[in-house]
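Per-entry structural report
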Amino acid sequence: MSTSTPSLPAISAPDDVAVRPVLAEVVRSGFVEGRHRGSLVVLGADGSVELALGDPSAPVFPRSANKPMQAAAVLRAGLELSGERLALAAASHSGETFHLELVRTMLDEFGLTEGDLQTPPDLPLDPAEAEAYLAAGRVRDRVAMNCSGKHAAMIAASAANGWPVDSYLDPEHPLQRLALAAVEEASGERVAHVGTDGCGAPLMAVSLTGLARAFRHFVLAEPGSPERRVADAMRAHPEYVAGTRRPDTWLMREVPGALSKMGAEAVQAVALPDGRALAFKIDDGSLRALGPVLARALELAGVEAPVLARIADAPLLGGGERVGEIRAAF
């Protein structure tokens, strides 16, 4: 009987995948114990590339950074939304009480129920809210999932147009075709790939440069256009886009005219009212590196604001005490 160890197939990275530069370092007790690599692009006010790190021309899944375009799609479909409701349609909400109450109100206003949502049952995104939610004896549900505002708007737009409601997440559904068109028009690119996001909605891949261009397009769009209406609602009601303890909210509150949206797997896009914009992705998807990289990118884009120090602060603890930090490395 043979006792040799069977050989395993070799696994290697594709030839076209280069090692990305280090965007953040993990520093514990004065020792660099880890690094986060990725790609980043900063656009000037005229839309030209002022800084490119890694490969911002390669397609990525923007994840929830695509939500402004998806919200514009429901407006293009004729759904009347404004204010906090439109901000919530573009949100990755924290699951705070005011988020959940407004989602339920929206469902009721459009003659829908929680059973119409096809979001996966989940806990609130914010850890403190999740603890309080469980302590109150609640269980995972579809409204608590951070994309429930987006889904409520998608269902309402489908119902208003007489489109199938039970298949509103099908990539070939009329609403999802509008979403794809909104992504392509805003980014100036053809969608490279269509996948499925964590919430079940179709997910369109574009480059980081295209994502930055899309956010720039939203802040510079004509007043009253779907894109500008979404940007204005998000900036006027940032707590509904994210939550009271989230960097997107802090940034949009404290940097006048900024439009900011993060996505899962450590994607971030920001545009400023004069057309400056940025987008980046941390390759390993670690959200802990997002704040320091975002703050540094904003500095390089010329933003000066006290809130950047708050966004950049990512402490490491040892024995319950601060012993290090995650810091930007570019």
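Figured I'd write up the structure that's included with this text. (Residues numbered from 1 in each chain as written. Predicted model: local features only at pLDDT ≥ 70, side-chain atom pairs only at ≥ 80, totals over all residues. Heavy atoms only, no water.)

1. Things to note about the overall build of the protein chain
Counting its regular elements, the protein chain contains 12 helices and 11 strands. In terms of overall size, the protein chain behaves like a compact globule, its C-alpha atoms giving a radius of gyration of 20 Å where 330 residues would be expected to give roughly 20 Å. Across the 330 residues of the protein chain, 53% fall into the buried class. A separation of at least 24 residues holds for 61% of the contacts in the protein chain among residues at least 6 apart in sequence. On the protein chain, the mean spot of the 31 positive side-chain charges and the mean spot of the 42 negative ones are 2 Å from each other. (Helix = DSSP H or I, 4+ residues; strand = E, 2+ residues; numbered from the N terminus. Rg over C-alpha atoms; globule rule 2.2 N^0.38 Å. Buried < 20%, exposed > 50% of the residue type's maximum accessible area, 1.4 Å probe, protein only. Contact = heavy atoms within 4.5 Å. Lys, Arg positive; Asp, Glu negative; His and termini not counted. Charge placed at Lys NZ, Arg CZ, Asp CG, Glu CD.)

2. Topic: the packing of helix α1 (residues 67-76) against helix α7 (residues 208-220)
Viewed as axis vectors pointing N to C, α1 and α7 meet at an angle of 50°, and their least axial separation amounts to 10 Å. One element, α1, and the other, α7, form an angle in the oblique class. Between α1 and α7 lies a crossing whose hand is left-handed. Counting all contacts with α1, which are made through P68, M69 and A72, the residues of α7 involved are L211, A214, F215 and F218. When its residues are assigned to classes, the contact of α1 with α7 shows seven nonpolar, no polar and no charged. (Axes fitted to C-alpha atoms, helices over the stretch in contact; angles between N-to-C directions. Parallel < 35°, antiparallel > 145°, perpendicular 65-115°, else oblique. Left-handed = near helix turned anticlockwise from the far one by under 90°. Nonpolar A, V, L, I, M, F, W, Y, C, P; charged D, E, K, R; others polar.)

3. Overview of the state of the cysteines
The full count for this structure, using the stated rule, is zero disulfides. With no disulfide of its own, C199 lies 3.9 Å from the sulfur of C147, the closest cysteine sulfur. For C199, a relative accessible area of 2% puts it in the buried group. (Disulfide = S-S within 2.5 Å.)

4. Observations regarding the pairing of strand β9 (residues 277-282)
Of all six residues in β9, six are buried, a share of seventy percent or more. Inspection of the sheet shows strand β2 (residues 31-43) paired to β9 by six bridges, in the antiparallel sense. Bridge pairing in β9 links S39 to K281. Of the pairings in the sheet, the one linking strand β8 (residues 267-271) to β9 comprises five bridges and is antiparallel in character. Residue pairing in the sheet places V270 in a bridge with L278 of β9. Between the antiparallel neighbours β8 and β9 lie five residues, among them G275 with a positive phi of about 105°. (Pairing = 2+ DSSP bridges.)

5. Some points on the nonpolar core
In terms of nonpolar packing, the biggest core is built from 72 residues, with M69, V74, L81, L211, F218, V230 and L259 touching the most fellow members. The element that contributes the greatest number of residues to this core is α7, accounting for seven residues. Every residue in contact with V74, bar those within four places of it in the chain, is listed here: L79, L81, A153, M154, A157 and L175. Within the second largest apolar cluster, 32 residues are counted, among which are W250, V255, I282 and V293. (Core = buried A, V, L, I, M, F, W, Y, C linked by side-chain atoms within 4.5 Å.)

6. Quick notes on the packing of α1 against helix α8 (residues 226-236)
Put simply, α1 and α8 touch, their axes get as near as 9 Å, and they point 125° apart. Classed by the angle they form, the pair α1 and α8 counts as oblique. Crossing geometry of α1 relative to α8 is assigned as right-handed. On α8, the residues that touch P68, A71, A72, L75 and R76 of α1 are P226, E227, R229, V230 and M234. For the contact of α1 with α8, the class distribution of residues is seven nonpolar, no polar and three charged.

7. Focus on unusual backbone geometry
Non-glycine residue S29 carries a positive phi angle of around 50°. Looking at the element boundaries, S29 is found in the loop between β1 (22-28) and β2. Owing to a relative accessible area of 60%, S29 belongs among the exposed residues under this scheme. Located in the positive-phi region is E265, a residue other than glycine, with phi close to 65°. Here E265 lies in the loop between β7 (259-263) and β8.

8. A short note on the packing of aromatic side chains
Within this structure, the stated rule accounts for one aromatic pair. Plain terms: the ring middles of F98 and Y240 are 5.0 Å apart, the flat faces sit at 80° to each other, and that makes the pair edge-to-face. Of this pair, F98 sits in helix α3 (residues 97-109) while Y240 sits in helix α9 (residues 238-241), and the two are 142 residues apart along the sequence. Against the face of W250 rests R310, its NZ or CZ located 3.8 Å from the ring centre. (Phe/Tyr/Trp six-rings, centres within 6.5 Å; stacked < 30°, edge-to-face > 60°. Lys NZ or Arg CZ within 6 Å of the ring centre and 35° of its normal.)

9. Quick look at the layout of surface pockets
Counted as a void, the largest pocket has a volume near 630 Å³. In terms of lining residues, the largest pocket is bounded by 29 residues, among which L125, R246, M262, L287 and L290 are the most central. Looking at the lining of the largest pocket, the elements that each hand over two or more residues are α10 (247-254), β7 and α11 (290-300). For the lining of the largest pocket, the per-class residue count stands at 15 nonpolar, seven polar and seven charged. (1 Å grid on protein atoms, 1.4 Å probe; cavity = no way out; pocket = protein on both sides within 12 Å on 5 of 7 lines; lining within 4 Å. Points joined across faces, edges and corners; volume = space filled by probe spheres on them.)

10. Let's talk about the pattern of salt bridges
Scanning the model with the defined rule gives 23 salt bridges in all. For D283, the salt bridge is made with R20, and the minimal N-O distance between the two is 3.8 Å. You can see D283 sitting in the loop between β9 and α11 and its partner R20 sitting in the segment before β1, a full 263 residues away along the chain. Of the residues examined, R20 reaches a relative accessible area of 16% and is grouped as buried. (Salt bridge = Lys/Arg side-chain N within 4 Å of Asp/Glu carboxyl O.)

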